[in-house]
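Here's the letter readout for the chains.
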Amino acid sequence: MARKLPRKDVVIVGLGWTGSILAHELTDAGLDVVAIERGPWRDTATDFNVAYAPDELRYAVRKDLFLQPAQEAMTMRNDVSQTALPMRDYGSFLPGTGVGGAGTHWNGHTWRFFPSDFALKTHLTERYGAQRIADLQLQDWGVSYDEMESAFDRFEYLCGISGKAGNLNGAIQQGGNPFEGPRKRDYPLPPMQMTYAPTLFAEAARSKGLHPFPTPSANLSGAYVNPLGIAMGQCTACGFCERFGCANYSKSSAHTTVLPVLMRKSNFEARTECEVLKINLAADGKTATGVTYIDVNGETFEQPADLVLLNAYGLFNVRLMLLSGIGKPYDPASGEGVVGRNYCYQTNASTQVFFEGKHMNPFIAAGALGQSLDDYNGDAFDHGPLDFVGGAGINCIPTNGRPIQYRPVPPGTPRWGSAWKKATKQYYNNTLIFSSQGSSYATRGNYLDLDPTYKDRFGRPLLRVTFDFPDNDIRMSNWVSDRMKEIADALGGKQAVVGKQRKGWNSVPYQSTHNTGGAIMGTDPKTSAVNRHLQAWDVPNVFVIGASAFPQNAGKNPTGPVGALAYWAADAIRNHYLKNPGKLVEA
Amino acid sequence: MKKAALIAGLAAATVFGAKGFASDLFDRIEAGRYQAVLADCSACHTRPGGKPFAGGLPLQTPFGALVPPNITPDPETGIGSWSYADFRNALKTGIGKGGKRLYPAMPYPAYATMKDTDIADLWAYFQKVEPVTNHVVSNQLPFPFSIRASMIGWNWLNFSPKEFQPDPAKSAAWNRGAYLVNGAGHCGTCHTPKSLTGADKSGEFLRGGSLQSWYAPNLTGDPHKGLGSWSTDDIVSYLKTGANRFDIASGPMAEAITQSTSKWDDADLQAVAAYLKDIKSDGTPAPQPLAATDPAMAAGKAIYLDRCSACHNSTGAGQASLFATLAKAPVINSTDPTSLIRVVLQGSQAVATTARPTTPAMPSFGWNLGDADVANVLTYVRNSWGNAAPPVTPGQVKDLRAALKR
């Protein structure tokens, strides 16, 4: 029997990036907010101690900060003909847990999607005809880039993003990304000081007529005080970003940009190591009454609230909706239903170029310190003569030269023994790696639902992921790999190894923690789970915020748009919902 | 029954009637509240998370433990039965109600310089705080210190009550600063070195003192180990926000800033800065730094580059608002390295103030640096980039480590 607690104005499920931003915005609006987070409390001083933070074995190999399958596993398969099996260990992607969420251990690439990405179906249909995208289940976001501009801007200024504008109010800027949408002002900080490998990459790319620019980075190029008054420091390029918490207050995360102010507010409370079991609905099924959660001692509580915000990692937002009966589950056979629809990922490939006599010094690195180019991303180029839609960013971002896992050697090198040792010594400082990060477009068969067989420790069905790379995306990625080959050739070097993505998504090797969709936003309740303000169509006092809202994924890291969506939803709640609680969009 | 109740009522009226001096005027109570902020009464008299002024955590003095009493107007366990005269006497003479001698852990030698009007405001405020029933046994000192009468001798030796006398040759701000530093602010309680009996050493005002395994640094105008290199704005920023462009507060000062100085009027902080800047140093010249070739310096430099430079920078410059500047920092050049050793062993976290909510922290290195490592790295820091101070010995680190475990 759950113990019923006193009512709150707002209950937030998950205290990561979006949960922290929403909590800050809504406490500023005077609401009484509680955030329920299933992982532990973490802060920089205590948990990312500079004396042990760069522990590769603990954090990168043993994955200390990540969700463990014992707490929540998933089942996975490539298509509906297969039987999904539960993961014994997370591999292809690594969901976060704990205060700060996956924003704790990210690299810090902070993008805006292209304006055409937000109206993708309309844009591609107009440019190439409906037939070109007939095999895909593309959708518009229901919100335009122009509407999102100030939300992007606020997230970038919250974080102190270091970069160079490529398009200021329509005027293309030398040295920035000429393909990006217009921004009202430049990044808050200039780009980071560039290291050697990305400099070589950019020179080679420019020699091919391409437009490289410094990757927009949440590793800060200098000291910064954000609009909340929280100070951050200059990144020391230690090379311990991805899979690590930042010990130097120089990588943007909820800890370094929001929580110090949020935790001082008397109308905010965080309950950690408390896992939400479900969102409770009133008898009519159209109003959430709060959530039920279980604490670390196994005691169950009911937390009533007027407003319930799902701010968990996107996959878990979807699972909680399915477990709570919010929205109609998606059925790939009929193509009907909305929750679980349009699950997408990322379509990547990597290139290694082996040199002699270089000093790449890969240990001077940061998660987002590098050069990128968008010439082949999204619809920045003409797909007219091509047999696919979408594209990929090409990025040379050497994130680390860590001793255990960074051992690049050419193909054919023995996996162990003296020849391997000789090769790792020879190539540690002589390898340049760059990669393509490609769009992932929705199909009818890629989706999320509840597994019919496997259950979690509380007896709830696990989430089932059904996914394979669509043929369109494979064609896209392989075409971009050929473009990578051209850059590799321009780089010179002794040997280039250009990877090519293949069908048959494998859930074991790490690929990307960019899982999107499943609770997508849109303008039609028949094809989207939430409206353009991220409000659940069927239960208007529930908002679902995160990458779960992306109708399909672009060739870019999702955190920038996720942060912007947090501000976009917060504005909708503050400016519209609170004044007149109810449906913000009539279907 | 009725009669008994009436008598009891009359008795209560007698007790509460003693408060007649206290004013109900908003202005008076507010002025008194500000005096309580200036004097930082809650630092000692409020337990963390407890009811305001209902008694604090034990103070560990070199003579034993003293527990700050309940000073709410509860008639049984607080000061509800005190008269204004009792209250004034306690602050001015160190003699409480009924002739009870206070110990100078209650800084009455400083409060004695306060003006009567300020004490009266403070009294007005304390009449209006919530009365809390909480019985506190203040005196937990061992014999013979437990004999309160021993304070008669202490006062005779060390205490001559005297109200603050302005210096007409100085500015109004200087005089206000002097009044606050010497009186309500009681800065010397920590920052003036103490004699064997625990009294201020004469002629060494604000030249740095030790307490509770911290060293409260020199606040004189000494350019090397005092505040000579800090501007008025630097001092104000430190007291207002817990940090300035060089330094970030730690230890008991961090508490004093959160509870007291961050809430002072800006004009009062400016006055304090003007006064402190004018206090004469001891006149001793800065020592010569140790040679870089000294074995402790070489060992310390290696540790510094490996463990410290990511935040504090290889030149000791630190990073504004986050990591303290070590180069030419007065606290680094203090003769007594206690606070430096302590911060390396235990770490330290900046306080949150409205102006500076970040609360950056230095982690503890006590668990993975040995006594000699801590000594060497501090010796290096204290003798690099313009710093010069006596070397730190492994013995000092060992002793403090042991003291902190107690």
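Quoted verbatim from the Subcellular location (unreviewed entry) heading of the UniProt record, the comment on chain B is "Cell membrane".

Naming follows an unreviewed UniProt entry, where chain A appears as Gluconate 2-dehydrogenase alpha chain of Bosea robiniae. Quoted verbatim from the Sequence similarities (unreviewed entry) field of the UniProt record, the comment on chain A reads "Belongs to the GMC oxidoreductase family."

### Things to note about the overall build of chain B
Along its length, chain B carries 16 helices and seven strands. In summary, chain B has a C-alpha radius of gyration of 23 Å against a globular reference of 22 Å for 406 residues, a match within 12%. Counting only C-alpha atoms and orienting by the principal axes, one finds that chain B spans roughly 90 × 45 × 40 Å. Among the 406 residues that make up chain B, the fraction classed as buried is 46%. Here the analysis covers contacts within chain B between residues at least 6 apart in sequence; of these, 65% occur between residues at least 24 apart.

### Brief notes about the domain arrangement of chain B
Often, the extent of an interface is quoted as the loss of accessible area on bringing the components together. Segmentation of chain B into domains returns domain 1 (15–158), domain 2 (172–277) and domain 3 (295–405). Using C-alpha coordinates to define each centre, domain 1 of chain B is positioned 37 Å away from domain 3 of chain B.

### Here we look at the packing of helix α14 (residues 338–346) of chain B against helix α16 (residues 394–405) of chain B
In a packed pair of helices, the relevant descriptors are the angle between the two axes and the axis-to-axis distance. Residue and element names in this part refer to chain B. Where α14 meets α16, the closest approach of the two axes is 10 Å, and the angle between their N-to-C directions is 65 degrees. In the packing of α14 onto α16, the handedness of the crossing is right-handed. Residues Thr338, Ile341, Arg342, Leu345 and Gln346 of α14 form the contact with α16, whose participating residues are Gln396, Val397, Leu400, Arg401 and Leu404. Of the residues in the contact of α14 with α16, the class split is five nonpolar, three polar and two charged.

### Structural notes on the interface of chain B and chain A
At the interface, 18 residues of chain B touch 19 residues of chain A. Among the elements that make up the side of chain B that touches chain A, the one with the highest residue count is helix α13 (residues 295–312) of chain B (three residues). Partitioning the side of chain B that touches chain A into residue classes produces eleven nonpolar, six polar and one charged.

### Remarks on the pairing of strand β12 (residues 275–281) of chain A
Residue and element names in this part refer to chain A. Across six bridges, β12 lies against strand β13 (residues 288–294) in antiparallel orientation. Note that in β13 the partner of Ile279 across the bridge is Val291. Between β12 and β13, which pair antiparallel in sequence order, lie six residues; one of them, Gly285, sits at a positive phi of approximately 70 degrees.

### With respect to helix α6 (residues 116–126) of chain B
Residue and element names in this part refer to chain B. Most of α6 is tucked away, with nine of its eleven residues classed as buried. Of all the positions in α6, only Asp118, Ile119, Ala120, Asp121, Leu122, Trp123, Ala124, Tyr125 and Phe126 are classed as buried. For α6, the elements touching its buried residues are α2 (26–38) and α4 (84–93).

### As for the UniProt feature "domain: Glucose-methanol-choline oxidoreductase C-terminal" (unreviewed entry) in chain A
In the numbering adopted here, UniProt assigns the feature "domain: Glucose-methanol-choline oxidoreductase C-terminal" (unreviewed entry) to residues 446–566 of chain A. With 24% helix and 21% strand, the stretch residues 446–566 of chain A has end C-alpha atoms that lie 26 Å from each other.

### Some words on the sheet that holds strand β22 (residues 495–498) of chain A
Pairing within the open sheet is antiparallel, and its six strands lie in the order β8-β17-β18-β19-β16-β22 (chain A). Looking at the sheet topology across the chains shown, the edges are occupied by β8 (213–214) and β22 of chain A.

### Some remarks on the UniProt feature "domain: Cytochrome c" (unreviewed entry) in chain B
Residues and elements named next belong to chain B. The UniProt record annotates "domain: Cytochrome c" (unreviewed entry) at residues 12–130, 172–280 and 295–385. Annotated as residues 172–280, this span is 42% helix and 6% strand, and its ends, taken at the C-alpha atoms, are 19 Å apart. Regarding residues 295–385, the helix share stands at 42% and the strand share at 4%, and the terminal C-alpha atoms are separated by 18 Å.

### Some details on the UniProt feature "domain: Glucose-methanol-choline oxidoreductase N-terminal" (unreviewed entry) in chain A
Under the present numbering, the feature "domain: Glucose-methanol-choline oxidoreductase N-terminal" (unreviewed entry) in UniProt falls on residues 232–344 of chain A. Helix makes up 17% of residues 232–344 of chain A and strand makes up 31%, while its end C-alpha atoms are separated by 34 Å.

### As for helix α6 (residues 145–159) of chain A
All names here are of chain A. For α6, built from 15 residues, the straight-helix expectation of 21 Å at 1.5 Å per residue is met to within 8% by its first-to-last C-alpha distance of 20 Å. Taken together, the buried positions of α6 are occupied by Tyr145, Met148, Ala151, Phe152, Arg154, Phe155, Glu156, Leu158 and Cys159. Where α6 is buried, its residues meet α4 (115–118), α8 (254–257) and α13 (559–577). Backbone geometry just after α6 places Gly160 at a positive phi near 70 degrees.

### So, unusual backbone geometry
In this structure, A:Asn361 takes a positive phi of about 45 degrees despite not being glycine. If you trace the backbone, A:Asn361 turns up in the loop between β16 (347–354) and β17 (371–373). For B:Asp40, which is not a glycine, the phi torsion comes out positive at approximately 50 degrees. Relative to the elements of secondary structure, B:Asp40 occurs in the loop between α2 and α3 (41–45).

### Remarks on the environment of A:Gln437
All names here are of chain A. Examined against the element boundaries, Gln437 turns out to sit in strand β19 (residues 431–438). The class of Gln437 is buried, set by 29 C-beta atoms lying within 10 Å. Sequence separation between Gln437 and Gln346 is 91 residues; the distance between their C-alpha atoms is 6.8 Å. Not counting residues up to four positions away in its chain, the partners in contact with Gln437 are Gln346, Asn348, Ala392, Gly393, Asn395, Gly555 and Lys556.

### Digging into the confidence of the model for chain B
All names here are of chain B. Across chain B, the average pLDDT comes to 88, with 94% of residues at or above 70. Mean pLDDT across the elements of chain B bottoms out in helix α1 (residues 2–17) (40) and peaks in helix α15 (residues 371–381) (98). Every residue in residues 1–20 is under pLDDT 50, and counting partners more than four places away or in other chains gives four contacts. This prediction of the complex comes with two scores: 0.90 for pTM and 0.83 for ipTM.

Each value, and the rule that gives it
Residues numbered from 1 in each chain as written. Chains lettered and ligands numbered in written order. Predicted model: local features only at pLDDT ≥ 70, side-chain atom pairs only at ≥ 80, totals over all residues. UniProt positions renumbered as here; feature names shortened; annotations may be inferred. Helix = DSSP H or I, 4+ residues; strand = E, 2+ residues; numbered from the N terminus. Rg over C-alpha atoms; globule rule 2.2 N^0.38 Å. Buried ≥ 20, exposed ≤ 12 C-beta atoms within 10 Å, placed from the backbone. Contact = placed C-beta atoms within 7 Å. Domains from an automatic or database assignment. Axes fitted to C-alpha atoms, helices over the stretch in contact; angles between N-to-C directions. Left-handed = near helix turned anticlockwise from the far one by under 90°. Nonpolar A, V, L, I, M, F, W, Y, C, P; charged D, E, K, R; others polar. Pairing = 2+ DSSP bridges. Expected span 1.5 Å × (residues − 1). pLDDT = per-residue confidence, 0-100.

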